[in-house]
Amino acid sequence: MVSARPAVAAMPAYRPGRNPADLAREIGVPRAVKLASNEVAFPPLPAVVEAITATAGETNRYPDNGAALLTTALAERYGVDAAQVVTGCGAVMLCQQLAQAFTEPGTGLAFAWRSFEIYPLLGQVAGAPVRQVPLVPSTPSGAADTHDLDALAAAIDDTTRLVFVCNPNNPTGTAVRRTELVRFLDAVPAETLVVLDEAYREFVTDPDVPDGVELMRGRPNVAVLRTFSKAWGLAGLRVGYLLAEDPAVADAVRRTHVPFSVSMLAQAAAVAALASEAEVRERCDAVVAERSRLTTALRERGLTVADSQANFVWLPLGERTAEVAAALEARAVITRPFAGEGIRVTVGTPEEDDVFLGALDAVLTSGAAETTGA
Ligand SMILES: *Cc1c(COP(=O)(O)O)cnc(C)c1O
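Residues numbered from 1 in each chain as written. Predicted model: local features only at pLDDT ≥ 70, side-chain atom pairs only at ≥ 80, totals over all residues. Heavy atoms only, no water.

Structural notes on the nonpolar core
Phase 1: Core analysis: the largest hydrophobic core is formed by 77 residues, its most contacted members being V165, F184, F228, L298, L315, L328 and F356.
Phase 2: Broken down by element, this core gets its largest block of residues, 7 residues, from helix α11 (residues 264–275).
Phase 3: Two domains each provide a minimum of three residues to this core, namely domain 1 (14–38 + 278–366) and domain 2 (46–274).
Phase 4: Beyond its immediate sequence surroundings of up to four residues, F228 is in contact with L70, L74, G233, L234, A235, V239, G240, Y241, A270, A273 and L274. (Core = buried A, V, L, I, M, F, W, Y, C linked by side-chain atoms within 4.5 Å. Buried < 20%, exposed > 50% of the residue type's maximum accessible area, 1.4 Å probe, protein only. Helix = DSSP H or I, 4+ residues; strand = E, 2+ residues; numbered from the N terminus. Domains from an automatic or database assignment. Contact = heavy atoms within 4.5 Å.)

Here is the structure:
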């Protein structure tokens with residue numbers, strides 16, 4: 001019998017969020033609301049659909065492995081050299097490529113926890129130990145929901161090759177500010193690559209939250225990770241990118257690229273999306289307005305909600321998390337629970353969010369803890 005590497009056998013199976021159509025059928029309602037994966041609720045922009053349609057007839061050919069048009073468009077958009085840009089099959093695959101390119105047994109990774117679920121798995125596959133630095137409260141009486149950058153800096157030693165700072169942090173939505181991030185970057189040794197994971201950058205409204213692309217200038221050990229999956233609305237096409245100050249970092253990541261893994265449709269759609277930035281901006285503004293309405297509505301219900309700089313909010317429900325999430329699901333609302341910690345709720349359309357708030361009211365007043373659904 002064949003057997004997988006022990007490190008791989010020990011990995012948890014990925015559990016995607018429930019499919020809304022399945023859930024709706026199961027509980028006998030016309031429609032379930034999915035607020036679990038931080039997608040935007042808007043369909044792709046017309047120009048994007050047009051680009052995909054126009055490209056469909058060419059898909060008997062392999063895509064451009066170097067994604068030249070998209071790379072050039074990104075370089076122009078961010079004022080960097082094309083040699084500093086790497087595209088990937090989602091930012092998630094770029095995370096894997098970073099781990100492959102920079103870690104090996106005997107070296108390590110560090111990041112805050114709780115943060116993006118992929119990070120611990122990277123170390124597990126690479127055989128590189130991970131250091132997880134606990135989040136701390138962002139408000140005096142609040143839950144642990146924000147980076148402790150001083151502790152993260154202290155956790156780095158001469159074996160640490162890679163550090164992820166997810167800003168804003170998934171799943172808590174909090175963001176670290178310029179002063180603390182600059183102090184952190186100044187403290188990190190030159191041999192450690194810091195990856196600023198800015199998957200939600202487009203939703204940031206706090207002027208004190210720095211743009212990683214500006215922050216990386218003059219710092220060869222800093223790179224920025226972004227994606228077309230969230231604000232740009234292309235989650236189904238799988239395309240993300242890394243911007244590195246040092247072209248050698250970009251080159252190393254490029255060497256681990258799975259050939260042709262950014263599809264022709266994804267490349268065309270991303271180029272079209274970049275050319276429609278004004279419309280994307282408007283959509284982000286709508287998400288931000290709805291984020292603020294949702295946050296206020298939750299606080300009016302007496303719930304603790306940290307200020308989110310992303311397109312989701314975090315409810316630190318602690319021990320009640322799994323039960324509340326299950327009870328919401330029984331009322332046709334799919335959220336993303338992290339058992340024992342809290343629920344991440346994607347900002348949906350005002351209609352979707354009202355369905356969520358209604359379900360939450362029902363759950364909280366009926367004492368979700370006793371009436372576990374589904
Ligand atoms: C969603 C997300 C990504 C990127 O996802 P892809 O769809 O693979 O581009 C990266 N980092 C964080 C923190 C995310 O939440």
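Considering the site of the ligand
Phase 1: Every one of the 13 residues lining the ligand counts as a neighbour, but Y200, T227, S229, K230 and R238 are closest to it.
Phase 2: In the model, a nitrogen atom of the ligand is placed 2.8 Å from a nitrogen or oxygen of the D197 side chain.
Phase 3: A total of 380 Å² of accessible area belongs to the ligand in isolation, and the protein chains cover 94% of it.
Phase 4: Examining the composition of the shell around the ligand, we find that 3 residues originate from one element, helix α5 (residues 90–102), more than from any other.
Phase 5: Residue composition of the shell around the ligand, grouped by class: 6 nonpolar, 4 polar and 3 charged. (Near = heavy atom within 4 Å. Polar contact = N/O pair within 3.5 Å; in protein donor to acceptor, adjacent residues only side chain to side chain. Areas by Shrake-Rupley, 256 points an atom, 1.4 Å probe, with all protein chains shown as cover. Nonpolar A, V, L, I, M, F, W, Y, C, P; charged D, E, K, R; others polar.)

Concerning the packing of helix α12 (residues 277–300) against helix α14 (residues 350–365)
Helix packing for two helices is described by the angle between their axes and how far apart those axes are.
Phase 1: Packing of α12 against α14 leaves a shortest axis separation of 11 Å and a crossing angle of 15 degrees. With respect to α14, the element α12 is oriented roughly parallel. Relative to α14, the crossing made by α12 is right-handed. Of α14, the residues touching α12 (which contributes E290, R293, L294, A297 and L298) are P350, D353, D354, F356, L357 and L360.
Phase 2: Residue composition of the contact of α12 with α14, grouped by class: 7 nonpolar, no polar and 4 charged. (Axes fitted to C-alpha atoms, helices over the stretch in contact; angles between N-to-C directions. Parallel < 35°, antiparallel > 145°, perpendicular 65-115°, else oblique. Left-handed = near helix turned anticlockwise from the far one by under 90°.)

Remarks on the pattern of salt bridges
Phase 1: If you walk through the whole model with that rule in mind, you get 19 salt bridges.
Phase 2: The salt bridge partner of R25 is D22, with a shortest N-O separation of 3.4 Å. Pair noted here: R25 and D22 are both in helix α2 (residues 20–27), with a separation of 3 residues, about one helical turn.
Phase 3: Judged by its relative accessible area of 62%, R25 falls in the exposed class.
Phase 4: Among the residues examined, D22 registers a relative accessible area of 36% and is labelled partly exposed.
Phase 5: For the salt bridge of R114 with E341, the shortest nitrogen-to-oxygen distance reads 3.1 Å. (Salt bridge = Lys/Arg side-chain N within 4 Å of Asp/Glu carboxyl O.)

Overview of the sheet that holds strand β10 (residues 240–244)
Phase 1: Read across the sheet, 7 strands follow the order β2-β10-β9-β8-β7-β3-β4 without closing on themselves; strand pairing throughout is mixed. Every interior strand has two partners, whereas the edge strands, β2 (85–88) and β4 (130–134), have only one. The mean angle between the axes of side-by-side strands here comes to 20 degrees, regardless of whether they run parallel or antiparallel.
Phase 2: With 5 bridges joining them, strand β7 (residues 160–166) and strand β8 (residues 193–197) adopt parallel strand pairing. Residue pairing across strands places F164 opposite V195, the latter belonging to β8.
Phase 3: Set on the sheet, helix α6 (residues 118–126) makes contact with β3 (108–113), β4, β7 and β8; between it and β3 the angle comes to about 160 degrees.
Phase 4: Sitting on the sheet, helix α10 (residues 247–255) touches β2, β8 and β10, and the angle it makes with β2 is about 25 degrees. (Pairing = 2+ DSSP bridges.)

A closer look at the domain arrangement of the chain
Phase 1: When the domains of the chain are assigned, the result is domain 1 (14–38 + 278–366) and domain 2 (46–274).
Phase 2: Placing the centre of domain 1 and that of domain 2 at their C-alpha centroids yields a distance of 25 Å.
Phase 3: With 21 residues of domain 1 at the interface, the matching set in domain 2 holds 24 residues.
Phase 4: Interface of domain 1 and domain 2: buried area, both sides summed, is about 1,900 Å²; carbon and sulfur atoms make up 59% of it.
Phase 5: The largest contributions to the domain 1 side of the interface with domain 2 come from V280, Q309 and W314, which together make up 31% of the buried area.
Phase 6: The tally of links between domain 1 and domain 2 comes to 2 salt bridges. (Buried area = accessible area lost by both parts, 1.4 Å probe.)

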